[in-house]
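What follows is the residue order along each chain.
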Amino acid sequence: MKNDRQRTFLMITIPILALFICFNTIPLIRGVIYSFTNFKGFGSYSWVGFRNYIDLFSDGRVGKSYLFTFKLAIVTTVVVNVLSLVLALALNSKIRAKSFFRGAYFLPNILGALVVGYIFNYFFTYILPAVANMMGMNSTSILSDPKSAWIGIVVVCAWQAIAMNTIIYISGLQTVPEDVYEAGGLDGATGWKQFKYLTFPLIIPFFSINMVLCVKNFLMVFDQIMALTKGGPAQSTESISYLIYNNGMSGGQFGFQSANAVVFFIVIVCVSVAQMKFSSSKEEQL
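Residues numbered from 1 in each chain as written. Predicted model: local features only at pLDDT ≥ 70, side-chain atom pairs only at ≥ 80, totals over all residues. Heavy atoms only, no water.

Asker: Mind showing me how you'd approach helix α9 (residues 191-202) here?
Answerer: In an α-helix, one turn spans 3.6 residues; hence positions three or four apart end up facing the same way. If you check α9, its first and last C-alpha atoms are 16 Å apart, about what twelve residues at 1.5 Å a residue would give, namely 16 Å. All of the buried residues in α9 are Phe195, Leu198 and Thr199. All buried residues of α9 lie within an arc of 125 degrees about the axis, which places them on one face of the element. What points out from α9, more than 90 degrees from its buried face, is the exposed set Trp192 and Tyr197. (Helix = DSSP H or I, 4+ residues; strand = E, 2+ residues; numbered from the N terminus. Expected span 1.5 Å × (residues − 1). Buried < 20%, exposed > 50% of the residue type's maximum accessible area, 1.4 Å probe, protein only. Arc of directions from axis to C-beta.)

Asker: Would you take a moment to explain the packing of aromatic side chains for this structure?
Answerer: A ring pair, where both rings are aromatic, is described by two values, the distance of the centres and the angle of the planes. Per the stated rule, a full pass over the model turns up 19 aromatic pairs. Aromatic side chains phenylalanine 120 and tryptophan 159 sit 5.4 Å apart centroid to centroid with 65 degrees between the ring planes, which places their arrangement in the edge-to-face category. Taken together, the residues phenylalanine 120 in helix α6 (residues 113-134) and tryptophan 159 in helix α7 (residues 149-173) connect sequence positions 39 residues apart. Here tryptophan 159 falls in the partly exposed class, since its relative accessible area comes to 39%. Between the aromatic rings of phenylalanine 222 and tyrosine 245, the centroid separation amounts to 5.2 Å while the plane-to-plane angle is 80 degrees, which identifies the pairing as edge-to-face. On the criterion of sequence distance, the pair formed by phenylalanine 222 in the loop between α10 (204-219) and α11 (223-228) and tyrosine 245 in helix α12 (residues 240-249) is long-range, its members being 23 residues apart. Through a chain of ring-to-ring contacts, three or more aromatic side chains come together here, namely Tyr34, Phe39, Tyr45 and Phe254. (Phe/Tyr/Trp six-rings, centres within 6.5 Å; stacked < 30°, edge-to-face > 60°.)

Asker: Help me understand unusual backbone geometry in this model?
Answerer: Outside of glycine, negative phi angles account for most residues, and trans bonds account for most peptide bonds. Of note, the bond from glycine 232 into proline 233 is cis; its omega dihedral lies within 30 degrees of zero at -10 degrees. With respect to the secondary-structure elements, proline 233 resides in the loop between α11 and α12. Positive phi, normally seen in glycine, also occurs at lysine 230, with a value near 55 degrees. Along the chain, lysine 230 falls in the loop between α11 and α12.

Asker: Even after reading the chapter, I still don't get helix α3 (residues 60-92), so can you show me in this structure?
Answerer: An ideal rise of 1.5 Å per residue puts 48 Å on 33 residues; α3 measures up with 47 Å between its terminal C-alpha atoms. Taking the backbone nitrogen of arginine 61 as reference, a side-chain oxygen 2.9 Å away marks aspartate 59 as the first, capping residue of α3. (Polar contact = N/O pair within 3.5 Å; in protein donor to acceptor, adjacent residues only side chain to side chain.)

As structure tokens, then:
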């Protein structure tokens with residue numbers, strides 16, 4: 001009986017493990033290998049050692065994409081977590097049609113990022129300028145201005161990400177015992193004080209999860225940029241992921257962008273680990 005159970009577990013695990021190795025591990029290893037070559041994505045190639053990695057630090061376009069990506073990730077993470085926490089507090093309170101609102105706000109999360117991006121592209125390009133012109137303001141699409149195009153990407157990323165973060169915050173709020181609020185009420189803790197000294201310290205683990213997931217996801221932003229700006233105008237919204245895809249697949253820089261992908265992977269791991277350690281230290285202090 002025990003052997004049959006173990007055999008069943010193996011039959012379930014081995015195909016999944018094989019698929020993971022085929023579609024994740026092997027491409028990862030091949031990508032690392034290509035990063036030491038001058039491979040263009042086709043034809044023959046030769047080994048160049050660490051030249052691709054050295055060239056990364058002197059490439060202005062790569063540096064600009066890193067700056068843009070981190071700016072986008074930081075701003076969007078702040079916006080998403082503030083709005084998600086406010087929305088979670090509202091949906092966790094005693095309001096009418098709470099179940100309906102919880103379902104309605106989650107709708108953006110189930111839509112494809114590319115679909116959402118193309119819809120907002122139409123909105124920013126045609127509807128918003130038309131409304132502004134009707135009100136007597138000469139306006140063009142914010143996506144056509146290098147100074148404002150990134151704001152459109154922030155709006156789309158935040159609009160779609162808020163739903164999942166709100167779910168996590170609601171889960172955290174529901175773990176807070178009512179006795180805590182009753183005891184705090186006796187001590188005069190209401191409103192902002194209640195949130196600051198009672199609610200937020202108790203949902204710190206959920207806040208940490210959201211922060212790590214947000215930063216990681218927004219550092220890897222791709223679909224929204226593909227649908228909205230394709231890195232433009234004038235490469236002002238070119239994220240690292242989009243640069244790797246665009247120049248690696250069609251720009252003849254497969255080896256060079258493979259090196260960029262390896263460095264980017266290391267950066268994301270380091271940022272995530274640093275966030276987790278910082279969050280853990282804060283939780284211990286509380």
